[in-house]
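Close look at the chain arrangement
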Amino acid sequence: MTESFPRLHARTRRFTLGVPRNFTISPDGGRVTFLRTRSGTDPVTCLWELDVASGAERLVVDPLALGAADEDLPPEERARRERSRESAGGVVAYATDREVRQAVFALSGDLYLAGLASGEVRRLPAAGPVIDPRLDPTGARVAYVTGGALHVLEIATGADTPADTVLAEPESDLVTYGLAEFIAAEEMERMRGYWWSPSGDRLLVSRVDESPVPLWHIADPANPDRQPVPQRYPAAGTANAEVTLHVIGLDGARTAVPFEQEYLVTAAWDAHGLAIVTLSRDQRTMRLLSADPDTGETTLLREDTDPAWVDIVTGVPARLSDGTLVWVADADGGHRLVVGNEPVTPPSLQVRAVLDVDGDTVLFQASGEPTEIHLWTYAAGTISAVTTEPGVHSGRRAGGVTLVARQSLDTEGTTVSVGAVSIKSLAERPGLEPRVSLVRAGSRELSTAILLPSWHVPGSGPLPVLMDPYGGPHAQRVLSARRMFLESQWWAEQGFAVVVADGRGTPGRGPAFEREMLHDFTISLQDQVDALQGVAALHPGDLDLSRVAIRGWSFGGYLAALAVLRRPDVFHVAVAGAPVTDWRLYDTCYTERYLGHPDEGHYERSSLLADAEKGDAEKLERPLLLIHGLADDNVVAAHTLRLSSALLAAGRPHTVLPLSGVTHMTPQEVVAENLLLLQLDFLKKSLHITG
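Here the residue numbering is sequential within each chain, running from 1 through the sequence in written order. Only residues with pLDDT of at least 70 are given local features in this predicted model, and only at 80 or more are side-chain atom pairs given and counted; all residues enter the totals for whole chains, interfaces and linings. Heavy atoms from the whole structure form the basis of all side-chain values; hydrogens and water molecules are not counted.

This part is about the sheet that holds strand 40 (residues 497-502). The pairing of strands in a sheet happens through backbone hydrogen bonds and is either parallel or antiparallel. Any two strands are treated as partners once DSSP identifies two or more bridges connecting them. Helix and strand assignments come from DSSP, with helices taken as H or I runs of at least 4 residues and strands as E runs of at least 2, each series counted from the N terminus. Pairing is mixed across the open sheet formed by 8 strands, whose spatial order is 37-38-40-39-41-42-43-44. Edge positions in the sheet fall to strand 37 (436-441) and strand 44 (655-659), since each has one partner strand and no second. Strand-to-strand twist of the sheet, defined as the mean angle between neighbouring strand axes without regard to direction, takes the value 20 degrees. Sheet topology places strand 43 (residues 624-629) next to strand 44; 5 bridges connect them, and they run parallel. Counterpart to His 628 in the pairing with strand 44 is Pro 658. Seen against the sheet, helix 10 (residues 638-649) touches strand 43 and strand 44 and runs at an angle of roughly 150 degrees to strand 43. Where helices are involved, their axes are fitted lines through C-alpha atoms of the stretch in contact, as for all axes, and angles between N-to-C directions lie from 0 to 180°. Any two residues having at least one pair of non-hydrogen atoms within 4.5 Å are treated as being in contact.

Given below as structure tokens:
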């Protein structure tokens, strides 16, 4: 390896470039369409196709050949990529017709159509910068959004200038048609705002009115000549965007599809009809409704309730070939696959997502052991394991063919197989091998990873400790996959014993474990202390508990700052990146799911500002580095600035590193590289580590 790990880590976007992704299998199982960059350091994503029988790969779309070397993205597309955490460029999303014969995609705001059989790629005329183009199932038309309006372009005629029809025009600058609102994209994993009917003669379209949402401004202090960017941000306890649904015909005829609850979770329109999923504002009630596209009348199919919250699960609702409902619900202490009205998986198998329904076969992800994610199928009343080797698996299924993508601790990168055929990964080799021990640590037997330097001999002397958590609900760090620990191993090579622990609230261990987070985020700190003490007991003499650091980003940043504020007896220095410091400043859907409405009184306990303002001087006696991107529109910089002001007012020293022009993702190479090095320098100096 000629480059340092921090540089390579940044250039490769955390070693995600060159990894095949976004797979679509043709209905006959003969072809797989997918996205991949040309190398592990090339940020331009191309569209490829695999012939399953021969194993031959074919490049379908190269953005550079289309003259799109420098992307000029409309603001809506930049926001969509930020919400989806997309760090690459080029063809980052595509949509096909039902037969997977054609694909459409947007590139630098232009609209393109690719013939997957012929390899022909042509630019289609569009009325403006294109967002989220999607072919109708028959392949005759493509819908797209521009300027908040939903358009449909006729392409089956073969005309040089296809007819372009505006199906829905926004009534004001605060209204859009066919786009997911901030909350849907950021917190509900719904990245789309319209759905074609199976016959391609009409669409279900969401109308989003942001006028009730409070107006915030994201300023750029490094460039005072620039106007602050206005943003409608639904902070906890405030109004969300108003979302309504309409079935719109190709002639513009419109039928409203009313629903009562606050959130539109998702929709599905297949041969068995139109269905929508909605969620109440307090997220304790979820409804699955069928809708008559002719009248808009809805019928309740099922209602799920929970005293804490109802989980949103990707991939449902779905249907078997005879129309039988496929769903995921909590029952008897587990996240269970439900077919019809009956749970078909045991409570001990935690279902995470439904990936595909191929005729009467359901492909789904589930965990028995929380550090592993496996593929399973349900068919004819029987569940069967598709994968059994330890690791983290995802996949797709169509035409009787199953694609399996695997990461593990015993293999480097991601391997993708379709039967006996593999899809190549072109990712860079990181140049270091994680030495990971996965254990159950502490009194709660928390899933924990321990990483020691490659040169360390157990028992040869204590090492300073770095806790490296995320720690928040609905996200895991401790998984049986090497890529999860590449950065942690680099920290270990700098002389740390690195501990990564998943506390209560993280998935994979069942609803009860996840719901212990209700109304109190600070239990995540209790769990980090528990895991640290548990690891120290497992490795006597290897951990120096008089020199314990903690670092994290987003919720992990909150947790790191919380650690030195509330447990300076355990943690001696912290790096808090993009931390949420005042939960009243974070969004409605996420925050209210766990802490409830601000008026219920659960926010102060989890706030960092109260700790900073307390008169007890020992509340911050440890070095704290706060890092924040000033262009962050998810966890806005006000979080760090308010905490810094409160600490300053209380006379408590701390360090603030503002990142001009950087968002929540920090995708810039130089920034990402130097952030690692600056954090290392801060931690070593604070812990008095030399050499």
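Let's pick the thread back up.
Let us now look at the side chain of Glu 372. You can see Glu 372 is positioned in the loop between strand 30 (361-367) and strand 31 (374-379). The buried charged residue Glu 372 lacks any salt bridge partner; its closest oppositely charged side chain belongs to Arg 406, at an N-O distance of 8.1 Å. Leave out the neighbours within four places in its chain, and Glu 372 touches Ala 366, Ser 367, Pro 390, Gly 391 and Ser 480. Throughout this description, buried means an accessible area under 20% of the type-specific maximum (1.4 Å probe, protein chains only), exposed means over 50%, and partly exposed covers the range between. For the purpose of charge, His is not counted, nor are the chain termini; Lys and Arg are scored as positive and Asp and Glu as negative. Salt bridge, as used here: a side-chain nitrogen of Lys or Arg that lies within 4 Å of a carboxyl oxygen of Asp or Glu.

Under the counting rule described, the total for this entry stands at 49 salt bridges. Put simply, Asp 62 and Arg 38 hold a salt bridge, and the shortest N to O gap is 3.1 Å. Placement of the pair is Asp 62 in the loop between strand 4 (57-61) and helix 2 (75-84) and Arg 38 in the loop between strand 2 (31-37) and strand 3 (44-51), with a sequence separation of 24 residues. Given a relative accessible area of 16%, Asp 62 falls into the buried group.

The next thing to look at is the sheet that holds strand 9 (residues 121-124). Reading across from one edge, 6-7-8-9 is the order of the 4 strands in this open sheet, with antiparallel pairing throughout. Edge positions in the open sheet fall to strand 6 (95-96) and strand 9, since each of these has one partner strand only.

Moving on: the packing of aromatic side chains. Between 30 and 60 degrees the pair is tilted, below 30 it is stacked and above 60 it is edge-to-face, where a pair is any two Phe, Tyr or Trp rings, Trp via its six-membered ring, whose centres lie within 6.5 Å. The full count for this structure, using the stated rule, is 23 aromatic pairs. Each ring, one from Tyr 558 and one from Trp 583, has its centre 5.3 Å from the other, and the planes form 80 degrees; the classification is edge-to-face. Here Trp 583 lies in the loop between strand 42 (573-577) and helix 8 (588-595) and Tyr 558 lies in helix 7 (residues 555-566), a separation of 25 residues in the sequence. Of the two residues examined, Tyr 558 and Trp 583, each falls in the buried class. Aromatic ring contacts, followed pair by pair, group Trp 309, Tyr 470, Phe 521, Phe 555, Tyr 558, Trp 583, Tyr 586, Tyr 590 and Tyr 594 into a single cluster. The ring of Trp 48 has Arg 36 sitting right over it, with the charged end atom 4.3 Å from the ring centre. Lysine and arginine charges are scored as sitting over a ring when NZ or CZ, respectively, is within 6 Å of the ring centre and within 35 degrees of the ring normal.

For the rest of this paragraph, the subject is the nonpolar core. Among the nonpolar cores identified, the biggest contains 89 residues, and Trp 327, Leu 337, Phe 364, Phe 521, Phe 571 and Trp 583 are the most heavily contacted of them. Counting residues per element, this core draws most heavily on helix 7, at 9 residues. What is meant by a nonpolar core is a set of buried Ala, Val, Leu, Ile, Met, Phe, Trp, Tyr and Cys residues, joined one to another through side-chain atoms within 4.5 Å. Counting residues in each nonpolar core, the second largest holds 31 residues, with Val 436, Leu 486, Val 575 and Leu 683 among its members.

This part takes up empty space enclosed by the protein. Residues are said to line a cavity or pocket when one of their atoms sits within 4 Å of a point; the points come from a 1 Å grid over protein atoms alone, cavities being sets where a 1.4 Å probe fits but cannot get out and pockets being open sets with protein on both sides within 12 Å along at least five of seven lines. Grid points are joined across faces, edges and corners, and a volume is the space filled by probe spheres set on the points. Counted according to the given criterion, the structure contains 3 cavities of 30 Å³ or more. Roughly 110 Å³ of internal volume is contained in the largest cavity. What lines the largest cavity is a set of 13 residues, and nearest its centre among them are Glu 181, Ile 183, Pro 234, Asn 240 and Ala 241. Counting residues per element, the ones that place at least two in the lining of the largest cavity are helix 3 (182-187) and strand 21 (263-270). Classifying every residue of the lining of the largest cavity by side-chain character gives 8 nonpolar, 1 polar and 4 charged. Each residue gets one of three labels, nonpolar for Ala, Val, Leu, Ile, Met, Phe, Trp, Tyr, Cys and Pro, charged for Asp, Glu, Lys and Arg, and polar for the others, Gly among them.

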